[in-house]
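Below, each chain spelled out in residue letters.
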Amino acid sequence: MAKGKSSVFFCQNCGYESAKWMGQCPVCREWNTFAEEPVTKSVKSSRAAGNRGAAGTSGRVQQLNTIDLKDTPREGTGIGELDRVLGGGIVPGSLVLVGGDPGIGKSTLLLQVCRNLAGREQKVLYVSGEESLQQIRMRADRMGQFADSLYLLCETDLERVREAIEETKPSVVIIDSIQTMFNEAVSSAPGSVSQVRETTGVLLQIAKGSGVTIFIVGHVTKEGVVAGPRVLEHMVDTVLYFEGDRNASYRILRSVKNRFGSTNEIGVFEMCGEGLREVPNPSEYMLEGKPENASGSVVACAMEGTRPVLIEVQALVGRSSLAYPRRTVEGADINRVNLLLAVLEKRMGLLLSSSDVYVNIAGGMRMREPAADLGIVLALISSARDIVISDRTIAFGEVGLSGEVRSVSMAKQRVLEARRLGFDTVILPQSHCRTIGAVEGIRLCGVRSVRDLMTYIR
Ligand code: TYD
Ligand code: MG
């Protein structure tokens, strides 16, 4: 095979490739991220080859209607929360990237998947470039019994990995992690953009060629992206991110790309002594420890995919001794909070310009949807005026610049979730009251503008 040797510069943040060094990346605008990587490109790019179809169908023209969907059954992983995020289970021949901070639980989750699949007498191969066989065994011992059809390999050489896959013929392979693998055809160091890209290309070829499902673990950098993320993300079928506070015990698995399902599903897990445990009722989990009869604490409702999750919004408003009062926001968008403060000042005469304002979404969740507005506004009023909001009240709705409260999606689901958890009052946009109708056991308090809130919270 003819080979051409060259050296190029890659942005280590976003994977942008350039023939010369640059101080600032023209794509992601990061400074000082270019590093030189010698690349030896084979004429037949592994990426191009990998984009061919699944086993046995490559290159053949077929009519859409003749393609039988039953040919691609999904395999449950035995972990409901993971299946939900994957869109119903593992699709054979797919390539799944699992990203996340070091120590968040990626290896633990995938080893649990291995255990469940091996328990069903499926052959599984776990390739680790990070830990020794003993370390993996130690982790496995904490999780319980493993069946014999789980094979381990400690290897970083991609060629050896490929041979092992051909020898053992597993149905699922775990590569832990992509940053430790190297391909001899590429001369740059493991973890560099070109190495990660070429390695993923080879894995893609293996997955599509033999129908084996490959899970790739990818570490994220400080900025929260997998090294060479653009390249990786568009090569694989599914991208899952494992996130959460390392100090808190719960973890959220989020899908950001999924060729076989919806991308806005989340799975919630809790890290415990025996590995990760599923949290099927995130609302209960998030509301644990909510203070009683405290001002500044309000329950809001966020939609995570198709699931409503009740979350506690906390606000603290206090007199400031600084020339520029503090605005600290955790878990919500600070610009959005500033906007809501301006609305409160202008439309309700709530003067907060000389107060410090802290807003926190308890439990470490993030609330990015506008439906959180009403909860935040209510928490701010509650803290500023020292009014306690009943523990059995939730609020959701978008707040506009004129102080109007606007409708949001999936209002009925949110109300039903509140009822399920024993709440009795829902403050929501007036326009929803009619569409939802009567809900037994729930008092619906429709509001047209933020000023109307005062009728319900005194
Ligand atoms: P790990 O899966 O090794 O993280 P990653 O592969 O994403 O780097 O998770 C390691 C952390 O999880 C570590 O801090 C120990 C903790 N842990 C538990 O608390 N309980 C367990 O049963 C296991 C296996 C790990
Ligand atoms: Mg690991």
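In this report, the structure presented in the accompanying data block is examined. (Residues numbered from 1 in each chain as written. Chains lettered and ligands numbered in written order. Predicted model: local features only at pLDDT ≥ 70, side-chain atom pairs only at ≥ 80, totals over all residues. Heavy atoms only, no water.)

### Quick word on the sheet that holds strand β16 (residues 355-361)
And then number 1: With mixed pairing, 7 strands are arranged side by side in an open sheet as β15-β16-β14-β13-β17-β20-β21. Since the sheet does not close on itself, it has two edges, and those belong to β15 (327-330) and β21 (443-447), each with one partner. Recorded for the sheet is a direction-independent mean angle of 25° between the axes of neighbouring strands.
And then number 2: As judged from the 7 bridges shared by strand β14 (residues 307-319) and β16, these two strands associate in the antiparallel manner. What sits directly across from R319, in β16, is S355. (Pairing = 2+ DSSP bridges. Helix = DSSP H or I, 4+ residues; strand = E, 2+ residues; numbered from the N terminus. Axes fitted to C-alpha atoms, helices over the stretch in contact; angles between N-to-C directions.)

### Things to note about the packing of aromatic side chains
And then number 1: Summed over the entire model, instances satisfying the criterion amount to 3 aromatic pairs.
And then number 2: Residues Y16 and F34 carry aromatic rings whose centres are separated by 6.4 Å and whose planes lie at 90° to one another, so their mutual orientation is edge-to-face. On the criterion of sequence distance, the pair formed by Y16 in the loop between β1 (3-11) and β2 (17-18) and F34 in strand β3 (residues 34-42) is long-range, its members being 18 residues apart.
And then number 3: Given the relative accessible area of 31%, Y16 is considered partly exposed.
And then number 4: Ring geometry for Y250 versus Y285: centroids 6.2 Å apart, planes at 75°, classification edge-to-face. Of the two residues, Y250 sits in strand β10 (residues 250-258) while Y285 sits in helix α8 (residues 282-287), which places them 35 residues apart along the sequence.
And then number 5: Looking at Y250, the relative accessible area reads 4%, which means it is buried.
And then number 6: Classification of Y285 by relative accessible area gives buried; the value is 17%.
And then number 7: One cation-aromatic arrangement involves R414 over F396; the distance from NZ or CZ to the ring centre is 5.5 Å. (Phe/Tyr/Trp six-rings, centres within 6.5 Å; stacked < 30°, edge-to-face > 60°. Buried < 20%, exposed > 50% of the residue type's maximum accessible area, 1.4 Å probe, protein only. Lys NZ or Arg CZ within 6 Å of the ring centre and 35° of its normal.)

### Points about the site of ligand 1
And then number 1: The immediate surroundings of ligand 1 are formed by 15 residues, with G103, K106, S107, T108 and G275 found nearest.
And then number 2: At 3.2 Å, a side-chain N or O of R142 approaches a nitrogen atom of ligand 1.
And then number 3: Sorting the residues of the shell around ligand 1 by element identifies α3 (106-119), α4 (133-143) and β11 (266-272) as the ones contributing at least two each.
And then number 4: Broken down by element, the shell around ligand 1 gets its largest block of residues, 3 residues, from α3.
And then number 5: Here the residues of the shell around ligand 1 sort into 4 nonpolar, 6 polar and 5 charged. (Near = heavy atom within 4 Å. Polar contact = N/O pair within 3.5 Å; in protein donor to acceptor, adjacent residues only side chain to side chain. Nonpolar A, V, L, I, M, F, W, Y, C, P; charged D, E, K, R; others polar.)

### Describing helix α6 (residues 193-210)
And then number 1: Spanning 18 residues, α6 covers 26 Å between terminal C-alpha atoms, matching the ideal 26 Å at 1.5 Å per step.
And then number 2: Within α6, 15 of the 18 residues are buried, which leaves the element mostly enclosed by the surrounding structure. (Expected span 1.5 Å × (residues − 1).)

### Re the sheet that holds strand β7 (residues 172-176)
And then number 1: In space, the 9 strands of this open sheet follow the order β6-β5-β7-β8-β4-β9-β10-β11-β12, with mixed pairing throughout. Across the chains shown, the open sheet's two edge strands, defined by having one partner strand only, are β6 (150-154) and β12 (275-278). The mean inter-strand angle of the sheet, taken between neighbouring strand axes irrespective of direction, is 25°.
And then number 2: Bridge count for strand β5 (residues 124-128) against β7 is 5 bridges, and the pairing is parallel. Paired with Y126 across the bridge in β7 is I174.
And then number 3: This element, α3, spans β4 (95-100), β5, β6, β7, β8 (213-219), β9 (238-243), β10, β11 and β12 of the sheet and lies at about 160° to β5.
And then number 4: The sheet strands contacting α4 are β5 and β6, and the helix crosses β6 at an angle near 145°. (Contact = heavy atoms within 4.5 Å.)

### Considering the pattern of salt bridges
And then number 1: A full pass over the atoms with the stated rule returns 19 salt bridges.
And then number 2: As a salt-bridge pair, R197 and E17 come within 3.3 Å of each other at their nearest N and O atoms. Of the two residues, R197 is situated in helix α6 and E17 in strand β2; the sequence distance between them amounts to 180 residues.
And then number 3: The exposure class of E17 is partly exposed, given its relative accessible area of 32%.
And then number 4: Notably, a salt bridge pairs E404 with R406, separated by 2.7 Å at the nearest N-O pair.
And then number 5: We classify E404 as partly exposed; its relative accessible area is 23%.
And then number 6: Through salt bridges with shared partners, one network takes in K208, D237 and R259. (Salt bridge = Lys/Arg side-chain N within 4 Å of Asp/Glu carboxyl O.)

That is the geometry; function is a separate question.
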